[in-house]
Each structure stands twice: as C-alpha cells, then as structure tokens.
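Observations on chain architecture
Read off the chains here:
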Amino acid sequence: MTKFFLAALKLSAIILGSAFLVDNYPLVAQEAIFQLDPLVQEEENPLANVTSVSQLEDVQPTDWAFQALQSLIERYGVIAGYPDGTFRGNRAMTRYEFAAGLNAALTRIEELIDTGSTNLSHQGNQVREEDLVTLRRLQTDFATELANLPARVDNLQATTALLEATQFSTTTKLNGIILFNITAARAAGDVKVERIDPQDVFSAARRGEDGKPIVTRVADDPEVTFSHITGLFLTTSFTGKDSLVTSLVTGSGNSPANVYTSAGFYNSFGTPGSDFTPTTTANQIALLESFYSFPINDSIRAIVGPRLFWLSYFDTNAFTNIFGKGASGFNTFGSPLVQELGRGAGAIVTWRIDEQFDWRVGYTVSPNAASPNTGFFNGNRAFTTQLTYSPISKVNLRLIYDRSRILPVDGQIRTKPIIGVADDGFGGELENATANSFGFNFDWLITPQFGLFGRYTYSTTRLNPASDGMESGHINVQSVQLGVALLDLGKKGALATISYVVPFDILDGRQFLVSGGGDGGTQYEIEANYYFPVNGNIAIVPTFYITGNPNNFDRNPTVFSGAVRTQFNF
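Read on for an overview of the structure. All of these numbers come straight from a predicted model, not from anything done at the bench.

Some remarks on the overall build of the chain
- Broken down by element type, the chain carries five helices and 22 strands.
- When the 570 residues of the chain are sorted by exposure, 48% land in the buried category.
- Considering only contacts in the chain between residues 6 or more positions apart, those separated by 24 or more positions represent 67%.
- Working note: accessible area of the chain is about 26,800 Å², and carbon and sulfur atoms make up 56% of it.

Structural notes on the pattern of salt bridges
- Per the counting criterion, the structure on display carries five salt bridges.
- In this structure, the salt-bridge partner of Asp 315 is Arg 455, at a minimum N-O distance of 3.0 Å. In this pair, Asp 315 is assigned in the loop between β9 (300-307) and β10 (345-352) and Arg 455 in strand β16 (residues 450-463), connecting sequence segments 140 residues apart. Accessibility classification places Asp 315 together with Arg 455 in one group, the buried group.
- For Asp 358, the salt bridge goes to Arg 360, with nearest N and O atoms at 3.0 Å.
- Judged by relative accessible area, which is 9%, Asp 358 ranks as buried.

With respect to unusual backbone geometry
- Lys 416 connects to Pro 417 through a cis peptide bond whose omega is 20°.
- With respect to the helices, strands and loops of the structure, Pro 417 is situated in the loop between β13 (395-406) and β14 (421-422).
- One non-glycine residue, Asp 410, lies in positive phi territory at about 55°.
- Structurally, the position occupied by Asp 410 is in the loop between β13 and β14.
- Residue class for Asp 410 comes out exposed when judged on its relative accessible area of 59%.
- The backbone phi angle of Asn 549 is positive, close to 50°, even though this residue is not glycine.
- Checked against the element boundaries, Asn 549 lands in the loop between β21 (538-548) and β22 (559-569).

Observations regarding the nonpolar core
- Judged by nonpolar contacts, the single largest core of 26 residues is most densely connected at Tyr 260, Ile 413, Ala 422, Leu 463, Ile 475 and Phe 504.
- Listed by contribution, the elements that provide at least two residues to this core are β3 (172-187), β4 (191-193), β15 (433-447), β17 (473-487) and β18 (495-508).
- Among residues more than four places away in sequence, those in contact with Ile 413 are Ile 406, Leu 407, Pro 408, Ile 418, Gly 420, Val 421, Ala 422, Leu 430, Glu 431, Ala 433 and Leu 463.
- Among the nonpolar cores identified, the runner-up in size contains 17 residues, and Ile 229, Phe 276, Val 338 and Ile 348 belong to it.

Some words on a nonpolar patch on the surface
- Nonpolar side chains collect at one region of the surface, where Trp 351, Ile 353, Trp 359, Leu 387, Leu 399, Phe 440, Tyr 456 and Val 480 lie side by side and expose about 650 Å² of accessible area between them.
- With respect to the helices and strands, Tyr 456 occurs in strand β16.
- Given the relative accessible area of 34%, Tyr 456 is considered partly exposed.

A closer look at the pairing of β9
- Bridging between strand β8 (residues 286-295) and β9 involves five bridges; their strand directions are antiparallel. In the strand pairing of β9, Tyr 292 is matched with Val 304.
- As consecutive antiparallel partners, β8 and β9 are separated by four residues.
- Sheet analysis places β9 next to β10, joined by six bridges and oriented antiparallel.

A look at the packing of aromatic side chains
- Under the defined criterion, the tally for this structure stands at 18 aromatic pairs.
- Between Phe 180 and Phe 226, the ring centres sit 6.1 Å apart and the planes meet at 90°, which makes this aromatic pair edge-to-face. Separated by 46 residues along the polypeptide, Phe 180 in strand β3 and Phe 226 in strand β6 (residues 225-236) bring together distant segments of the chain.
- Phe 180 sits in the partly exposed class, given a relative accessible area of 33%.
- Here Phe 226 falls in the exposed class, since its relative accessible area comes to 61%.
- The interplanar angle of 25° and the centroid separation of 5.5 Å between the aromatic rings of Tyr 292 and Phe 294 together place this pair among those described as stacked.
- With a relative accessible area of 28%, Phe 294 lands in the partly exposed category.

How each quantity is defined
- Residues numbered from 1 in each chain as written.
- Predicted model: local features only at pLDDT ≥ 70, side-chain atom pairs only at ≥ 80, totals over all residues.
- Heavy atoms only, no water.
- Helix = DSSP H or I, 4+ residues; strand = E, 2+ residues; numbered from the N terminus.
- Buried < 20%, exposed > 50% of the residue type's maximum accessible area, 1.4 Å probe, protein only.
- Contact = heavy atoms within 4.5 Å.
- Areas by Shrake-Rupley, 256 points an atom, 1.4 Å probe, with all protein chains shown as cover.
- Salt bridge = Lys/Arg side-chain N within 4 Å of Asp/Glu carboxyl O.
- Core = buried A, V, L, I, M, F, W, Y, C linked by side-chain atoms within 4.5 Å.
- Patch = residues over 30% accessible without salt bridge, like charges linked within 9 Å, V, L, I, M, F, W, Y side chains within 5 Å.
- Pairing = 2+ DSSP bridges.
- Phe/Tyr/Trp six-rings, centres within 6.5 Å; stacked < 30°, edge-to-face > 60°.

Here you go:
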C-alpha cells in the first residue's frame, strides 16, 4: 500500500507542477494526460510515450517541475509529448481530464504492484502523513468524475462506432454552401445603354449608319429578385498531403442591376458576386472544380485539372471574397480587368519561398479545353504570375502580371480586360487579340479592428483587324480600388467593408469600343458590405451599391442597388 500511495503522490507532483489552482487543487495541462484520456482529442496526435525528459524541447532542467517530470517519464512511462517535441505544460484542463490522469496513474501503479516490477525503497522516500491525507482528499473529491469515466468512454466508443458506420467516406470530406440572395435596383432616371434592344440585357451592340455606337435608354426599373447558389465540395486525400477536389454547383440568379448595363457590362456594377447563374441553364447541376493538388516538396505545390477556380489562387485579398467575408461585388472581390470566372482547365504551381515571399504561376484555358476546335492551347488562354511580399504578418503586397489571348465572338472582342464590346473602329471584324495586365494588390491590418485594402490594374489590349490593310490598335485601361475594413464590428467574427472602385477607366482607344465607351465619362462605384455571423454556420450579409456615371456616360443618372445574402455553410 505504501508503494501505491507514493506512486500516486508522484503523479500529484507533476500535476502540481503543470498548471494553476482551481478549487484548491491544481489542474494539469490537458497535453500532460492526452494519451491517457480518449475524451481529450485534438487534431494533433501525440507521440508515443517518451522515454527521456530530454526529448521534450520546452522542458528545461531549471523548470521547477523538472524533477517530477523526469521521475514520471523515466520510472513510470505515463507522459507523452507532441509531434513537435514539446510538452506544453502551461495550459489548463477540466476536472474530467484531471480525473482521467489520476485514474490512469492509479491503474499504472496497480500494474506495477501486481507485477512487482517496481521497488521504491532504494530511493529513500518516506510517505508522510500529510501526503497520504492529500492523496485521500484527491480520491474523495474526484470520486464522481472517476466513477463517470467508464460511462463517458463507453459513450465515446459508441459514438465513434456510429460515425465509422455512417461516415460519407474514409478518404473524402464533404462541405457545402447555400446562398440566398434578395436583390433590388433603382435608377434616378432613364439610363443610357449601348445595346440594340433596351429590354434585352443580352442584346448585341452595333454601330449606326453614322459609325457611332447605337445608344438606347432604359426607363423601367426592375423587380426585386430572389435567387440562390448551392455548392458541394468533395475533398479526397490519399496521402494526407494531397487533395483531389470535385465541386458541384447549381443556382439561378440575374441581378436587377443588369437591366441598366450596356452590352458586355453584364454583371459589371451594382451586382453581388454571388447573384448569378453559374450554369448555362438555371438550376442545372454543373462541375465547378475538378483538380488534383499535391506537394512537390515542403514549399512547392502543384495544382492541375480540367476545372480550376482561378480566383482561388490569384488576386486574392484578406478583405475581399466572392463567397466569404469582405467586399464581394463583381467589381470589388477582384480586379475587374483580370478576374474571369470562366477560366477553367490548366495548371498552377505555388512556391512558399519563406515567411515573407510567396510566388505562383499558372496557365489556364477557357471556356473548354476539351473542345477539339480549340483544345488546351488554342482557345482563350492566360498566363498569370504573382509575387506576394509580406514584410510583417499584418501586411501583404501582391504584384500580378497576366497575359491573355482572346478569341473573337461574331468578329468582336468581348472578354476582359475589355469591359464592353470592341471592333476595328469602323464596324469591321477582329481576329484574335492579346492583352497584358499589370496589377498591384494590398491588404494591411493596421489594428485588430481596422484595416485597409486596395488594387490598381493597368491593361493594354492589342486589337487585330480582320480586313487587309488595316493597322492594329490598342485599348488601354486602368482600374482602381480602395477600401477600409472594420473587423469584429458588432460581434466577434463580423466584418464591414466600404470600397470605392473605378472598374473601367479608358485611357486610350475609346474609338474601338462599340459598347463601354459611353460619352467619355468614367464610371465609379461605392460598395458597403457587412458580414454578420449568426453562428458558426449561418451568416447574414447586407450589401449596398451606388453606381455613378453608369456605362461611362457622364450624365447618366445614378443607379442604386442592394442585396441581402443569407449564407449557410456546412
């Protein structure tokens, strides 16, 4: 019995040396008894029981609990460390975790007594009466927890068995998102648009007999819409470091603000990034992503597949996200001149050079690399590279270069970096165009509750007339965004952003635009977005837009639009 009490008292010594007092008893850090209690599980798996205190990097001979740890490790083998070689003895634990550690030690001591494998007498230790009193008090005060431990373990084992029997897959994780959007838009008067049919938001743009773009007017305000997007994301891992991603999406959305847009301006202002139809036909299911991501080494990773979401890797920002927190309009979640939802098949390589530098490069093709007419190399394609510099953890500076090849549609160029429609300047057709875009993107968390973010992009597009004898031309444009972010506004996890953006400022080549040139004006937009988390799975996101000089007409009335998004994550 003396051996029993003395060994239990040794465990009490390490408990006393590992944490702080609660109810007059010290609570051991949960890591100290991790391997003893199946109820205390974290993502990290502990090491097997260590055999020497020297294996624990954060335990030093000068620590006041060092001898107690050394004794428990080398004489009893009831202490384990973490994969990074640390013990983490300063964190607190619950009474149940304490009871589990005490119970494990008692069990271990009983085993030692039964086998007769331990002899403590040569250490010269004597059990004092006050030590016995302390141990008896521990056993008495934790009697309830000790008695409940078997039932808790049985319940845990039953729950684990149920999860194993009903889990979706042993290798695949399923996540999902559902977005409900209620959206409205109003204009302060009739809005000029450059398209043939003012009632058809997909109407073509053409020049009149005078060679100037045809301008019509939209007089009627749209109705309020209620739309949705649903996404399912399957992530499979075969090695624990790789990922095979398959994403399915469906939805129906057409923002009311599109009623006021010129040809080629669809989803270009006053429009939430989540308020669109992600498939050719509304409410059909389509493949959003299909790619395989794997490490080349500890710092380099490759992503390759027939469907990539380009925006997940380039021109990202801490305070802008199409389906998450922050600014999320089509002109604010990324640069309007380079973000293109249709970029699909391709390959991307990311290289985390060190804590301050991240470099990535990608080649993507849209809309469909499986088409025999265009294939992987002859369709709309883009080469993108980005260097991120983070001088400190709260500042990120990104330099982006994007070179794209653009195929004409009906002899016109209608793809970014052109927002609108371009021809040869006289109503004639164009051949393939090439564009070079140079961007700068930053986010800066100045205080825990306040941040700044912004973007600048300059793009030049070379237009190649199909008619013999006509020289090529260029359209040069720029885009500017500046915003402020208010974190934890009203609730922890909330994020409010206010953005000012000039999406398509034409510097040169306005004469080539059949749509988008307006009368020489410059469109601007102000977005206020507030992400409010109801709980860990539900968020409410109201957004409000003010669009001035829409379609680049100086005297166009201001367009006001807004949306309320309810977001469910699971």
